[in-house]
Amino acid sequence: MAHTLNLSSDQSFSLSLTLGCGQAFRWEQDEAGWWEGVVGDEVIRVRQEDRSLTFTGTSEERLIEYFALDMDLAHVLETIDRDPFIHAAIEECAGLRILRQPSWECLLSYLCATNTNIPMVKKRVRLLAESLGERIPGTDQFAFPVPSVFNETCAEPLDHCRLGYRKGYLATTACQLAAEGGWEGRVRAQPFEEARQVLTRLPGIGPKAADCVLLFGFSRYEAFPVDVWIRRIMQQFYPETAAEGSFTPKEYERIRRFAWEYFGEYAGYAQEYLYGARMGAAQIP
DNA sequence: GCCCAGGACGGAA
DNA sequence: TTCCGTCATGGG
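Scoring rules and cut-offs
Each chain has its residues counted from 1, running along the sequence as written. All chains are assigned letters beginning at A, and all ligands numbers beginning at 1, according to the order in which they are written. Whole-chain, interface and lining totals are the exception, using all residues; otherwise, since this is a predicted model, local features are given only for residues with pLDDT of at least 70 and side-chain atom pairs are given and counted only at 80 or more. Processing note: side-chain calculations cover all non-hydrogen atoms of the structure and skip hydrogens and water entirely. UniProt positions are given in the numbering used here, feature names are shortened, and annotations may be inferred rather than shown by experiment. Here a residue is near a molecule or strand as soon as one of its heavy atoms is found within 4 Å of it. Counting of polar contacts relies on pairs of N or O atoms within 3.5 Å, with two restrictions inside protein: one atom must be capable of donating a hydrogen and the other of accepting it, and residues adjacent in sequence are counted only when both atoms are side-chain atoms. Only DSSP runs of H or I with at least four residues qualify as helices, and only runs of E with at least two residues qualify as strands; both kinds are numbered from the N terminus onward. Note on residue classes: Ala, Val, Leu, Ile, Met, Phe, Trp, Tyr, Cys and Pro are nonpolar, Asp, Glu, Lys and Arg are charged, and everything else, Gly too, is polar. Every angle, taken between N-to-C directions, lies between 0 and 180 degrees, and every axis is a line fitted to C-alpha atoms, over only the stretch in contact when it is a helix. The labels follow the angle: roughly parallel below 35 degrees, roughly antiparallel above 145, roughly perpendicular from 65 to 115, and oblique for the rest. Note on contacts: a residue pair is in contact if any heavy atoms of the two residues lie within 4.5 Å. Any helix carries an expected span of 1.5 Å times its number of residues minus one. The cut-offs for exposure are 20% and 50% of the maximum accessible area for each residue type, with area from a 1.4 Å probe on protein chains only; residues under the lower value are buried, those over the upper are exposed, and the others partly exposed. Strands qualify as paired when DSSP identifies two bridges or more between them. Patches here: salt-bridge-free residues with over 30% relative accessible area, like charges joined within 9 Å, nonpolar side chains (Val, Leu, Ile, Met, Phe, Trp, Tyr) joined within 5 Å. Where accessible areas are quoted, they stem from the Shrake-Rupley method and a 1.4 Å probe; at the residue level, only the protein chains shown are allowed to cover. Should a side-chain nitrogen of Lys or Arg be within 4 Å of a carboxyl oxygen of Asp or Glu, the pair is scored as a salt bridge. Positive charges come from Lys and Arg alone, negative charges from Asp and Glu alone, with His and the N- and C-terminal ends not counted. A charged residue contributes its charge at one atom only: NZ of Lys, CZ of Arg, CG of Asp or CD of Glu. For any pair of crossing helices, the crossing counts as left-handed if the nearer helix is rotated counterclockwise from the farther one by less than a right angle, and right-handed if it is rotated clockwise.

An unreviewed UniProt entry annotates chain A as DNA-(apurinic or apyrimidinic site) lyase originating from Methanosphaerula palustris. In its Catalytic activity (unreviewed entry) section, UniProt records this for chain A: "2'-deoxyribonucleotide-(2'-deoxyribose 5'-phosphate)-2'-deoxyribonucleotide-DNA = a 3'-end 2'-deoxyribonucleotide-(2,3-dehydro-2,3-deoxyribose 5'-phosphate)-DNA + a 5'-end 5'-phospho-2'-deoxyribonucleoside-DNA + H(+)".

This is the structure:
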């Protein structure tokens, strides 16, 4: 049963930019323009025609939550629109929204995303779901593995997930959090810097992954993840922050502090728009 | 063969 | 504290 959600005229949203900009790893688009993805234990199919979203597999309430359609995007973009560079990115990526991803799969997905590229991350996350997740009834898709499957017996299935050196980090971090429990609440309850420290103490989670998890999995918009692409963008547009040569933790810190002071509480949105514009919004399906 | 990709870690300096 | 080599994996 397909549902329809009509967006109001002041509710800017681009489904393709939002799903195609690389923030989530389980979405694919078919020839007919439908996006299909797995979120939690649901297979969601959705397409956009102008201000109309047609979707199956979830409720309107969860769709609005996941795509953050309840946010006043215009206000957010107004606050970060500080100069011609970011302004051009805002124009180019109009309607891009930062998703509210389930924090567990967001954390482990970005643990898989170090020193690699987006197609490989998507492959690893899919293999994780197929190796350790539950098949979703009536579909050929698998849910992301729940915490409890990460125990002493998960080493063998993880061998098939092309994780490389990340395998040990993922096993350790996932087992630890599954055994402890309550980590999400602890992160959510902490001020930003303390929450960031909780995450970076986990094996395989450094500053970049922690900032991505805070931004995409906890809606902490002051997070400003700096990958090699963002560093290049900062070198080009804001040369006072970025340096040449090797990328040191000190420089990472300088860039993210600058971004937070310069763009404000929604610095993470500035990051995503700069990234999306550089990747070429036009190339995203 | 090389270099690079939404980096992180352990050990040396 | 700050560098520096290394870590699988695949694509160009």
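Next comes the rest of the description.
(A) Spotlight on the protein's contact with DNA strand B. Looking at DNA strand B, there are 26 residues lining it, with Y165, D227, W229, R232 and Q271 nearest. A share of 61% of the atoms of DNA strand B within 4 Å of the protein falls on sugar and phosphate groups. I118 is positioned with one of its backbone polar atoms (N or O) 2.8 Å from a phosphate oxygen of DNA strand B. Measuring from a phosphate oxygen of DNA strand B, one finds a side-chain N or O atom of W229 at 2.6 Å. Of all the secondary-structure elements, those providing two or more residues to the surface near DNA strand B are α11 (207-217), α12 (228-237) and α14 (267-279). Classifying every residue of the surface near DNA strand B by side-chain character gives 13 nonpolar, nine polar and four charged.

(B) The arrangement of the packing of helix α3 (residues 73-80) against α14 in detail. In the contact formed by α3 and α14, the axes pass within 9 Å of each other and the chain directions differ by 85 degrees. By the angle between their axes, α3 is roughly perpendicular relative to α14. For the pair α3 and α14, the contacting residues are L73, V76, L77 and I80 in the first and Y269, A270 and Y273 in the second. Split into classes, the residues belonging to the contact of α3 with α14 amount to seven nonpolar, no polar and no charged.

(C) Layout of the protein's contact with DNA strand C. Surveying the vicinity of DNA strand C reveals the residues N115, M120, K123, R162, G164, Y165 and R166. In DNA strand C, the atoms that sit within 4 Å of the protein are 65% sugar and phosphate, with bases accounting for the remainder. Of the residues in the surface near DNA strand C, the class split is two nonpolar, two polar and three charged.

(D) Quick look at helix α8 (residues 166-180). With 15 residues, α8 should reach 21 Å at 1.5 Å per residue; the first-to-last C-alpha distance of 21 Å fits that figure. Against the buried residues of α8 lie α5 (103-111), α6 (118-132), α7 (155-158) and α9 (183-189). Remark: G181 follows α8 within two positions and exhibits a positive phi of approximately 75 degrees.

(E) Region of the structure containing α14. Here α14 is 13 residues long and its end C-alpha atoms lie 18 Å apart, about the 18 Å a rise of 1.5 Å per residue gives. In terms of burial, α14 is largely enclosed, as eleven of its 13 residues are buried. Against α3, α4 (84-92), α6, α11, α12 and α13 (249-263) lie the buried residues of α14. Just downstream of α14 lies G280, where phi reads positive at about 90 degrees.

(F) Representation of the pairing of strand β5 (residues 52-56) within the structure. Counting buried positions over the five residues of β5 gives four, a clear majority of the element. Of the pairings in the sheet, the one linking strand β1 (residues 3-6) to β5 comprises four bridges and is antiparallel in character. Bridging across to β5, N6 finds its partner in S52. Counted between consecutive antiparallel strands, the loop separating strand β4 (residues 42-49) from β5 contains two residues, among which D50 sits at a positive phi close to 55 degrees.

(G) Layout of a negative patch on the surface. Residues D10, D72, E78, D81 and E91 make up a contiguous surface patch of negative charge. For E91, the position within the fold is in helix α4. With a relative accessible area of 55%, E91 lands in the exposed category.

(H) Just the packing of α5 against α8, in detail. With their axes 10 Å apart at the nearest point, α5 and α8 run at an angle of 160 degrees to one another. Relative to α8, α5 is oriented roughly antiparallel. Here α5 and α8 pass one another in a crossing that is right-handed. Contact residues: W104, L107, L108 and L111 in α5; R166, Y169, L170, T173, A174 and L177 in α8. Of the residues in the contact of α5 with α8, the class split is eight nonpolar, one polar and one charged.

(I) Fine view of the pattern of salt bridges. Overall, the coordinates contain 16 salt bridges when judged by the stated rule. Residue E28 pairs with K122 through a salt bridge whose shortest N-O separation is 3.3 Å. Note that E28 is positioned in strand β2 (residues 27-29) and K122 in helix α6, a separation of 94 residues in sequence. Judged by relative accessible area, E28 falls into the partly exposed class, the value being 48%. Residue E49 pairs with R47 through a salt bridge whose shortest N-O separation is 3.9 Å. By relative accessible area, R47 is classed as partly exposed at 22%. One salt-bridge network, in which partners are shared between bridges, spans E193, E253, R256 and R257.

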